[in-house]
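Structural overview for review
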Amino acid sequence: VVAGESGGITQHIGAYQVVRKDQKITFIDTPGHEAFTAMRSRGAKVADIAILVVAADDGVKPQTVEAFRIIEASKIPFIVAINKIDKEEADINKTKQELSSKLNVIPEDWGGKTVCVPVSALNNIGIDEILDMVLLAAELEAGNLKANPNAPAIGTIVESSVDKGAGPVATILVQNGTLNIGDQLCFNGVIYGKVKALKNYKGENIESAGPSTPARVLGLKTLPEVGDIL
């Protein structure tokens, strides 16, 4: 994704899934994600676990502090990914020191409670480890993570735009129930339209989307806002 983005930074907001040890993990990509701010102000919790990404060559920057405050406010468990460890100027210890002094986030290997995983997204180092830590955190949280696939769908909008050909298109993260083609979508009692088609994160057509599944919805009459709960 990075190669195609301006300045080599991931700009696109999206949600996608990976499978690790036969378990699905849904990621919400959050570059300064307005959805989080919108969701937080509405008291909604869109993620179950957060990953705080800190660059090993940059350390704790103002945006790191801001991201951490959002995680703190949403009261969800989090893991730290120390990224860009392949860079010459990378200093993992200095990064951990800044996490401790600036955020009071004490790494596990320093006697604290926070799991810090050194990774290089570019060279695919440490990615399996971080996925394993996400699964471990989910296991510890299992009592709080429940959804009923047989209920009518409820989900949060993580992306919305008007497509020239398709009209209003939104990405919804289904949080409870199952969303099917033909379902009506409502927000605050207003009907936004019927689900004409559903696509998964790869752009393939799907018949339905269950809990924790991100899906692009086509057939909306009105464009929902990011953070809306449909």
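Scope of this entry: the structure provided in the associated data block.

1. Details of the packing of aromatic side chains
According to the stated counting rule, one finds 3 aromatic pairs in the structure shown. For the ring pair Y16 and F27, a centre distance of 6.0 Å and an interplane angle of 20 degrees mean the geometry is stacked. With a gap of 11 residues between them, Y16 in strand 1 (residues 15–20) and F27 in strand 2 (residues 23–28) connect regions that are remote in the sequence. Residue class for F27 comes out buried when judged on its relative accessible area of 18%. Centre to centre, the rings of F68 and F78 are 5.5 Å apart; their planes meet at 70 degrees, and the pair counts as edge-to-face.

2. Here we look at the pairing of strand 3 (residues 50–55)
Of the pairings in the sheet, the one linking strand 3 to strand 4 (residues 78–83) comprises 6 bridges and is parallel in character. Opposite V54, over in strand 4, you have I82 as the bridge partner.

3. Digging into the sheet that holds strand 4
Pairing between sheet strands relies on hydrogen bonds along the backbone, with the strands arranged either parallel or antiparallel. The parallel open sheet is built from 3 strands, whose spatial order is 3-4-5. Each edge of the open sheet carries a strand with a single partner, namely strand 3 and strand 5 (116–118). Pairwise comparison of adjacent strand axes, ignoring direction, gives a mean angle of 25 degrees for this sheet. Helix 2 (residues 62–74) contacts strand 3 and strand 4 of the sheet and is inclined by roughly 170 degrees relative to strand 3.

4. Structural notes on the side chain of S120
Here S120 is to be found in the loop between strand 5 and helix 4 (127–140). Relative accessible area serves as the criterion here: at 0%, S120 is assigned to the buried category. Separated by 2.6 Å, the side chains of S120 and D86 make a polar contact. In contact with S120, other than residues within four places in its own chain, are N83, K84, I85, D86, I125 and I127.

5. Brief notes about helix 4
Side chains that are three or four residues apart share a direction in an α-helix, a result of its 3.6 residues per turn. With 14 residues, helix 4 ought to run about 20 Å at 1.5 Å a step, and its terminal C-alpha atoms sit 20 Å apart, in line with that. Listed as buried for helix 4 are I130, L131, V134, L135 and A137. In an axial view of helix 4, the angular spread of the buried residues amounts to 160 degrees, which keeps them on one side of the axis. Exposed and facing more than 90 degrees away from the buried side of helix 4 are E139 and L140.

6. Details of helix 3 (residues 92–103)
Counted at 1.5 Å a residue, the expected span for helix 3 with its 12 residues is 16 Å, and the 16 Å between its end C-alpha atoms agrees. Turning to helix 3, its buried residues are T95, K96, E98, L99, S100 and L103. Where helix 3 is buried, its residues contact strand 3, helix 2, strand 4 and strand 5. N-capping of helix 3 is provided by D91, with a side-chain oxygen placed 3.4 Å from the backbone N of N93.

7. Notes on the pattern of salt bridges
One pass over the full model with this rule turns up 9 salt bridges. As a salt-bridge pair, D57 and K87 come within 2.9 Å of each other at their nearest N and O atoms. On the criterion of sequence distance, the pair formed by D57 in the loop between strand 3 and helix 2 and K87 in the loop between strand 4 and helix 3 is long-range, its members being 30 residues apart. We note a salt bridge from K94 to E98, for which the minimum N-O separation is 3.5 Å. Residue K94 and its partner E98 are both found in helix 3; the two are separated by 4 residues, about one turn of the helix. The exposure class of K94 is partly exposed, given its relative accessible area of 43%. Here the salt bridges share partners, and the residues they tie into one network are R20, K21, D128 and D132.

8. Re unusual backbone geometry
In this structure, N104 takes a positive phi of about 60 degrees despite not being glycine. Of note, N104 is situated in the loop between helix 3 and strand 5. Residue classification places N104 among the exposed residues on the basis of a relative accessible area of 60%. The residue S212 is not glycine, and still its phi comes out positive at about 70 degrees. Within the secondary structure, S212 is located in the loop between strand 12 (208–209) and strand 13 (214–220).

Parameters and conventions
- Residues numbered from 1 in each chain as written.
- Predicted model: local features only at pLDDT ≥ 70, side-chain atom pairs only at ≥ 80, totals over all residues.
- Heavy atoms only, no water.
- Phe/Tyr/Trp six-rings, centres within 6.5 Å; stacked < 30°, edge-to-face > 60°.
- Helix = DSSP H or I, 4+ residues; strand = E, 2+ residues; numbered from the N terminus.
- Buried < 20%, exposed > 50% of the residue type's maximum accessible area, 1.4 Å probe, protein only.
- Pairing = 2+ DSSP bridges.
- Axes fitted to C-alpha atoms, helices over the stretch in contact; angles between N-to-C directions.
- Contact = heavy atoms within 4.5 Å.
- Polar contact = N/O pair within 3.5 Å; in protein donor to acceptor, adjacent residues only side chain to side chain.
- Expected span 1.5 Å × (residues − 1).
- Arc of directions from axis to C-beta.
- Salt bridge = Lys/Arg side-chain N within 4 Å of Asp/Glu carboxyl O.

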